[in-house]
Amino acid sequence: MARRYDPERRQRIIDAAIRVVGRAGIAGLTHRSVAAEADVPLGSTTYHFKDLDDLMVAALRQTNEGFAKAVRSQGAFEDPRRDLAEELALVTAEWLGGERASTELEYELYLAALRRPALRPVAAEWCTELSDLLAQRTDAVTACALVALVDGICLQVLLTGSDFDEAYAREMYGRVLRG
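Please read all numbers here as calculations on a predicted model, not as lab measurements.

We now examine the overall build of the protein chain. Secondary structure summary: the protein chain contains nine helices and zero strands in total. The order of helices and strands in the protein chain, counted from the N terminus, is α-α-α-α-α-α-α-α-α. Expressed as lengths along the three principal axes of its C-alpha atoms, the size of the protein chain is roughly 65 × 30 × 25 Å. For the protein chain, the residues scored as buried account for 42% of the 179 residues in total. A separation of at least 24 residues holds for 62% of the contacts in the protein chain among residues at least 6 apart in sequence. A total accessible area of about 9800 Å² is found for the protein chain, and carbon and sulfur atoms account for 53% of it.

Our next topic: the nonpolar core. Counting 53 residues, the largest nonpolar core has Val34, Phe77, Leu109, Leu134 and Tyr173 as its most contacted members. Within the residue set of this core, elements represented by two or more residues are helix 1 (9-24), helix 2 (31-38), helix 4 (52-74), helix 5 (84-97), helix 6 (100-111), helix 7 (120-135), helix 8 (140-160) and helix 9 (166-178). Excluding anything up to four places from it in sequence, Phe77 contacts Val71, Leu84, Glu87, Leu88, Val91, Leu130, Leu133, Leu134 and Arg137.

A few words now on unusual backbone geometry. One non-glycine residue, Asp39, adopts positive backbone phi at about 60 degrees. Within the fold, Asp39 resides in the loop between helix 2 and helix 3 (42-48). Of the residues examined, Asp39 reaches a relative accessible area of 68% and is grouped as exposed.

It is worth spelling out the packing of aromatic side chains at this point. Across all of its chains, the model carries three aromatic pairs by this definition. For the pair Tyr110 and Trp126, a centre-to-centre distance of 5.7 Å together with 65 degrees between the ring planes defines the contact as edge-to-face. Remark: Trp126 occurs in helix 7 and Tyr110 occurs in helix 6; sequence separation between them is 16 residues. There is no split in this pair, since Tyr110 and Trp126 are both buried. Members of the aromatic cluster, connected to one another through ring pairs, are Trp95, Tyr107, Tyr110 and Trp126.

Glancing now at the state of the cysteines. All chains considered together, the criterion is met by zero disulfides. For Cys144, which is in no disulfide, the shortest distance to another cysteine sulfur is to Cys127 and amounts to 8.6 Å. Looking at the unpaired Cys154, the closest cysteine sulfur is the one in Cys127, lying at 11 Å. A relative accessible area of 0% means that Cys154 is categorised as buried.

Turning our eyes to something else, we now look at empty space enclosed by the protein. Scanning the entire structure with this criterion turns up two cavities of 30 Å³ or more. Around the largest cavity, the lining residues are Leu60, Asn64, Trp95, Glu106, Tyr107, Tyr110 and Trp126. Those elements giving two or more residues to the lining of the largest cavity turn out to be helix 4 and helix 6.

Here is what the cut-offs are and how they apply
- Residues numbered from 1 in each chain as written.
- Predicted model: local features only at pLDDT ≥ 70, side-chain atom pairs only at ≥ 80, totals over all residues.
- Heavy atoms only, no water.
- Helix = DSSP H or I, 4+ residues; strand = E, 2+ residues; numbered from the N terminus.
- Buried < 20%, exposed > 50% of the residue type's maximum accessible area, 1.4 Å probe, protein only.
- Contact = heavy atoms within 4.5 Å.
- Areas by Shrake-Rupley, 256 points an atom, 1.4 Å probe, with all protein chains shown as cover.
- Core = buried A, V, L, I, M, F, W, Y, C linked by side-chain atoms within 4.5 Å.
- Phe/Tyr/Trp six-rings, centres within 6.5 Å; stacked < 30°, edge-to-face > 60°.
- Disulfide = S-S within 2.5 Å.
- 1 Å grid on protein atoms, 1.4 Å probe; cavity = no way out; pocket = protein on both sides within 12 Å on 5 of 7 lines; lining within 4 Å.
- Points joined across faces, edges and corners; volume = space filled by probe spheres on them.

Laid out in structure tokens, this is it:
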């Protein structure tokens, strides 16, 4: 039987893995569940991804784009005339104000790095990228503190099911910026 040319298969598998994690959590992610979701033969998942960690790395890298898109769409961190605390609060509100399931999925993959060392470098990419953007407007230590605060606020909102309080976030970001 001739091999069918399917250049989009790898991407379909990543998208399927993201849907599986969104629906069933990390515990529900198996090569078999992803193959069924992507409607590809089971061997395709192991052909494109040597193991589940490899697949989760690809999925986390793709989901990291959610926050990056929110940051890029605002372009707010680039203009020194704009209030950085306010702009960061707006970006956080946009990210948390979107589809909550998507944000929860991003954090589930992000936190999977606690138990899966292969995911740690990709999880760190998110922190580094945001920190580098913020460091253009403040010092590196303050930028790292802001990233930690964004992370903490987002986790609290997601874990408690509460609404994001933009005014609170703006005040807290401002306090960190003011030292």
